[in-house]
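A closer look at the structure
So the chains spell out like this:
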Amino acid sequence: MDRRILHLLQVDARGKRDTDIAEDTDVTGTTVGNRIERLEDRGIIRGYHPDIDYERAGYPLVIQFVGTVPVTDRKPIAEQALDVLGVVDVKQLLAGERNIQIQAVAESTDRIEQITEELDDIGLQIHRSDIVSEQTTQPWNHFHIEITEDEE
């Protein structure tokens, strides 16, 4: 049941009310609300985030930085990177080299240069930076897989 709820929230967390999810899961809206609350309390649902078209919002440049930081400094540098104006996403990777990916948005190439300098100042060794032309995301659909009798 929780996995079905997670899938439906991934598809449309803002537009789905508890009663809508209840109809899709054959339980009551109260049950859905209680389950969502437990999923939030357990840290499984960490938040609800809008999908923003940065170009339409006035930030036409989306940049993906790939870099290296010392493994022992990965977490503090990732946190500092989030404080850089324009940084919207930081991924820490387990690999020793090229162990951090940072996505930033900017309105101009001048701002990209400033972001690059600020990331360098906090200790990120940048290996490459790419301008993202398009990004497509989808909900992870395996939360909603039904097991048929043939698969049991």
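Report on the accompanying structure. If you're wondering where the values come from, they're calculated on a predicted model, not measured in any experiment.

**Some details on the sheet that holds strand E2 (residues 87-92)**
To summarise the sheet geometry, strands pair through backbone hydrogen bonds and adopt either a parallel or an antiparallel arrangement. Pairing within the open sheet is antiparallel, and its four strands lie in the order E2-E3-E1-E4. At either end of the open sheet lies a strand with only one pairing partner, and these are E2 and strand E4 (125-131). Sheet twist, expressed as the average angle between the axes of neighbouring strands with direction ignored, equals 20°. Running over the sheet, helix H4 (residues 74-82) touches E2 and strand E3 (100-106) and is turned about 170° from E2.

**Overview of a negative patch on the surface**
A cluster of acidic side chains, namely Glu 107, Asp 110, Glu 113, Glu 117, Asp 120 and Asp 121, defines a negative patch on the protein surface. As for its position among the elements, Asp 110 is in helix H5 (residues 109-121). For Asp 110, a relative accessible area of 52% corresponds to the exposed category.

**Here's the deal with the nonpolar core**
Within soluble globular proteins, side chains that are nonpolar tend to cluster in buried spots. Within the largest apolar cluster, 17 residues are counted, with the highest numbers of intra-cluster contacts made by Phe 65, Ile 102, Ile 115 and Leu 119. Within the residue set of this core, elements represented by two or more residues are strand E1 (61-68), H4, E3 and H5. Broken down by element, this core gets its largest block of residues, four residues, from E3. For Ile 115, the residues in contact, after removing those within four places along its chain, are Phe 65, Val 84, Leu 85, Gly 86, Ala 104, Val 105 and Ala 106.

**Regarding the environment of Lys 91**
Inspection of the secondary structure assignment puts Lys 91 in strand E2. Put simply, Lys 91 and Arg 38 are 53 residues apart on the chain and 26 Å apart in space, counted from C-alpha to C-alpha. What Lys 91 contacts, discounting residues up to four positions off in sequence, is Asn 99, Ile 100 and Gln 101. Within the structure, the side chain of Lys 91 is placed 2.5 Å from the side chain of Asp 89, a separation counted as a polar contact.

Thresholds, definitions, all that
- Residues numbered from 1 in each chain as written.
- Predicted model: local features only at pLDDT ≥ 70, side-chain atom pairs only at ≥ 80, totals over all residues.
- Heavy atoms only, no water.
- Pairing = 2+ DSSP bridges.
- Helix = DSSP H or I, 4+ residues; strand = E, 2+ residues; numbered from the N terminus.
- Axes fitted to C-alpha atoms, helices over the stretch in contact; angles between N-to-C directions.
- Contact = heavy atoms within 4.5 Å.
- Patch = residues over 30% accessible without salt bridge, like charges linked within 9 Å, V, L, I, M, F, W, Y side chains within 5 Å.
- Areas by Shrake-Rupley, 256 points an atom, 1.4 Å probe, with all protein chains shown as cover.
- Salt bridge = Lys/Arg side-chain N within 4 Å of Asp/Glu carboxyl O.
- Lys, Arg positive; Asp, Glu negative; His and termini not counted.
- Charge placed at Lys NZ, Arg CZ, Asp CG, Glu CD.
- Buried < 20%, exposed > 50% of the residue type's maximum accessible area, 1.4 Å probe, protein only.
- Core = buried A, V, L, I, M, F, W, Y, C linked by side-chain atoms within 4.5 Å.
- Polar contact = N/O pair within 3.5 Å; in protein donor to acceptor, adjacent residues only side chain to side chain.

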